[in-house]
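A closer look at the structure
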Amino acid sequence: MSSGGGGAAPVLSVRDIAVDYAGPRTVHAVRGVSFDLGRSEVLGIAGESGCGKSTLAYAIARLLRPPARMTAGSVVFHDTDGTAIDVTALSGEALRTFRWRRVAMVFQGAMNALNPVLSVRAQLGDVLRAHLPDLTRREREDRCRELLDLVGIEARWMSGYPHELSGGMRQRVMIAMAMALRPDVVILDEPTTALDVVVQREILEEIDRLRSVFGFAVIFITHDLSLLLEISDRLIIMYGGLIVEQGRATEIQAGAHHPYTLGMLGSIPTLRGDRRVLHGIPGTPPDLADPPSGCPFTPRCRYAFGACGAAVPPLLDVGTLTACAQYDPALRPDGPDDALGSASASVPAGSAADSPVEPAS
Ligand SMILES: Nc1ncnc2c1ncn2[C@@H]1O[C@H](COP(=O)(O)OP(=O)(O)OP(=O)(O)O)[C@@H](O)[C@H]1O
């Protein structure tokens, strides 16, 4: 079984989060998402563009700005001493402290978020000054040096300005800033997509090394499922503002169940093994201003049947947690469609058998 926290004591418990973007057509971006994040675990969140990944991350870090509004749900942070902090109720100084000391976030496109007119020293120093006002100037300088060293940047770059740094270096500075107060959780939203693959890999290795030194948990968000399979302990697959599948990365790689996850796995190219036809997932994601009733994947799913459009399926424990009516014994007493059953049993990434979705014409 693979529901919450991967077995470790949770550091975050997220329950039934819903977020809307208000407007002439209100967008229901996140529609009831729950999970636990284990201490020190790497949780990957995957899904096509627009499925609500970033919105969920902003909600967890309490960084939503209008027109976004969290309409339901709770986030609880569990401190090592057993104290539970209701993150949704925090405000003022307590919220500011939470954001850097408990949960730090590296945003999508963060490397372009550095202030162009401030040196690296000034930007790192600002974070330290705001949160550790008792540090002397000397101590602050030492901490900046230490932080840059942690992310593999030589101290001489302290006086550098963002335009003098490569994309990879800027991203490392952002990661150093996120590490500044030794947070318990680091949320990385597409941290490496703008970088070339070699730099991407170096940065991922760096994050993993830092995690083994400091023991923080990671929520890693990307549409790149193959990358997540490699680096995550556990995975959440989102579609249409919902979690459609959740499980250990090894379980999902060896036997995913949801037709959408199978479709994503079927579109990952492989370097090894037999050549095979890659199947994209035809069709487009749902309009979240007017999401379909029932399972949001229904219009694109070759296994859809009558019950799929009736109600959003619950996450059922079928090895992974899967929200698909095909696996609901009350709806399918004889089990899922044979083709779905065999696709699920035989789709390690990079060696898909039958595609679970209709090939694109
Ligand atoms: N400021 C906004 N105003 C209105 N709708 C928004 C806003 N930001 C995001 N959305 C909508 O909310 C939904 C979820 O978007 P979100 O960015 O969370 O998805 P995502 O999975 O992170 O996508 P991406 O990988 O492209 O960042 C989408 O339908 C998007 O169009």
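Numbers given to residues run from 1 along each chain, matching the order in which its sequence is written. At least 70 in pLDDT is required for a residue's local features to be given in this predicted model, at least 80 for side-chain atom pairs to be given and counted, and no such filter applies to totals for whole chains, interfaces and linings, which use all residues.

Labelled according to an unreviewed UniProt entry, the protein chain appears under the name Dipeptide/oligopeptide/nickel ABC transporter ATP-binding protein, originating from Rugosimonospora africana. Quoted verbatim from the Sequence similarities (unreviewed entry) heading of the UniProt record, the comment on the protein chain is "Belongs to the ABC transporter superfamily." UniProt positions are given in the numbering used here, feature names are shortened, and annotations may be inferred rather than shown by experiment.

Notes on the site of the ligand
Around the ligand sit 14 residues, and of these Tyr21, Ala29, Ser49, Ser54 and Thr55 come closest. When contributions to the shell around the ligand are tallied by element, the ones reaching two or more residues are strand S2 (27–38) and helix H1 (53–60). Tallying contributions element by element places H1 first for the shell around the ligand, with 3 residues. Of the residues belonging to the shell around the ligand, the class tally is 6 nonpolar, 7 polar and 1 charged. Only the C-beta atom matters for nearness: placed from the backbone, it must lie within 6 Å of the molecule or strand for the residue to count as near. A run of DSSP states H or I qualifies as a helix once it reaches four residues; a run of E qualifies as a strand once it reaches two. Both are numbered from the N-terminal end. Classification convention: Asp, Glu, Lys, Arg as charged; Ala, Val, Leu, Ile, Met, Phe, Trp, Tyr, Cys, Pro as nonpolar; all other residues, Gly among them, as polar.

Here we look at the nonpolar core
Grouped together as the largest cluster of nonpolar side chains are 93 residues, with contacts concentrated most on Ile60, Ala176, Val185, Ile187, Val218 and Ile219. Ranked by residues supplied to this core, first place goes to helix H5 (residues 167–179) with 8 residues. Those residues within four positions of isoleucine 219 in sequence are excluded, and the remaining contacts are Leu37, Leu43, Ile45, Ala57, Val185 and Ile187. Remark: nonpolar core denotes a set of buried Ala, Val, Leu, Ile, Met, Phe, Trp, Tyr and Cys residues whose joining runs through C-beta atoms within 7 Å. Comment: burial labels come from other C-beta atoms within 10 Å of the residue's own C-beta, placed from the backbone, where a count of 20 or more is buried, 12 or fewer is exposed, and between is partly exposed. Any residue pair is listed as a contact if its two C-beta atoms, each placed from the backbone, are within 7 Å.

Quick notes on the domain arrangement of the protein chain
Looking at the protein chain, the domain boundaries give domain 1 (5–237) and domain 2 (256–345). Taken over C-alpha atoms, the centre of domain 1 sits 30 Å from the centre of domain 2. Taken together, the contact between domain 1 and domain 2 spans 12 residues of the former and 10 residues of the latter. For the side of domain 1 that touches domain 2, the secondary-structure elements that each account for two or more residues are S2 and helix H7 (225–231). With 3 residues, S2 is the largest single contributor of residues to the side of domain 1 that touches domain 2. Taken together, the residues of the side of domain 1 that touches domain 2 sort by class into 6 nonpolar, 4 polar and 2 charged. A domain assignment, automatic or from a database, supplies the domain bounds used here.

Side note on the sheet that holds strand S4 (residues 68–78)
Strand order in the open sheet formed by 4 strands is S2-S1-S4-S5, with antiparallel pairing between adjacent strands. Both edges of this open sheet fall to S2 and strand S5 (84–86), since each of them pairs with a single strand only. Pairwise comparison of adjacent strand axes, ignoring direction, gives a mean angle of 5 degrees for this sheet. The pairing of strand S1 (residues 10–21) with S4 spans 8 bridges and is antiparallel. Residue pairing across strands places aspartate 20 opposite arginine 69, the latter belonging to S4. Helix axes are fitted only over the stretch in contact, all axes being lines through C-alpha atoms; the angle between N-to-C directions runs from 0 to 180 degrees. Running at roughly 120 degrees to S1, H1 makes contact with S1, S2 and S4 of the sheet. Here the rule is simple: two strands pair whenever DSSP picks up at least two bridges between them.

Focus on the environment of valine 127
Position of valine 127 relative to the elements: it lies in helix H3 (residues 120–131). With 21 C-beta atoms counted inside 10 Å, the residue valine 127 sits in the buried group. Separated by 27 residues in the primary sequence, valine 127 and tryptophan 100 have C-alpha atoms spaced 8.8 Å apart. Each residue touching valine 127, except ones within four places of it in the same chain, is listed here: Trp100, Met177 and Ala180.

Some points on the sheet that holds strand S9 (residues 234–239)
Across the sheet, which stays open at both edges, the 8 strands sit in the order S6-S7-S8-S3-S9-S10-S12-S11 with mixed pairing between neighbours. Edge positions in the sheet fall to strand S6 (103–106) and strand S11 (316–317), since each has one partner strand and no second. In this sheet, strand S8 (residues 217–222) lies alongside strand S7 (residues 185–189) in parallel orientation, the contact comprising 5 bridges. Across the sheet, the residue bridging to leucine 188 is phenylalanine 220, located in S8.

Notes on the packing of H3 against H5
It is at 9 Å that the axes of H3 and H5 come closest, and there the two elements cross at 20 degrees. The angle between H3 and H5 places the two elements in the roughly parallel class. Crossing hand, H3 versus H5: right-handed. Across the interface between the two elements, Val120, Gln123, Leu124 and Val127 from H3 touch Val173, Ala176 and Met177 from H5. Residue composition of the contact of H3 with H5, grouped by class: 6 nonpolar, 1 polar and no charged. Comment on the angle field: the value is read as roughly parallel under 35 degrees, roughly antiparallel over 145, roughly perpendicular from 65 to 115, and oblique elsewhere. Each helix crossing is assigned a hand: it is left-handed if the near helix lies turned anticlockwise from the far helix by less than a right angle, otherwise right-handed if that turn is clockwise.

Some details on the packing of H5 against helix H6 (residues 197–214)
Relative to each other, H5 and H6 sit at 15 degrees, their axes nearing to 11 Å. The orientation of H5 relative to H6 falls into the category roughly parallel. By crossing handedness, the relation of H5 to H6 is classed as right-handed. For the pair H5 and H6, the contacting residues are Gly168, Gln171, Arg172, Ile175 and Met179 in the first and Val199, Ile203, Ile207 and Leu210 in the second. Of the residues that constitute the contact of H5 with H6, the class distribution is 6 nonpolar, 2 polar and 1 charged.

Regarding the pairing of strand S10 (residues 242–248)
Buried residues dominate S10, accounting for 6 of its 7 residues. Connecting the antiparallel pair S9 and S10 is a turn made up of 2 residues, with glycine 240 showing a positive phi of about 55 degrees. The pairing of S10 with strand S12 (residues 321–322) spans 2 bridges and is classified as antiparallel. Bridge pairing in S12 links glutamate 245 to threonine 322.

As for the environment of proline 191
On the secondary structure map, proline 191 appears in the loop between S7 and H6. Assessed through the 27 C-beta atoms surrounding it within 10 Å, proline 191 is described here as buried. The sequence separation of proline 191 and aspartate 81 amounts to 110 residues, and the corresponding C-alpha distance is 31 Å.

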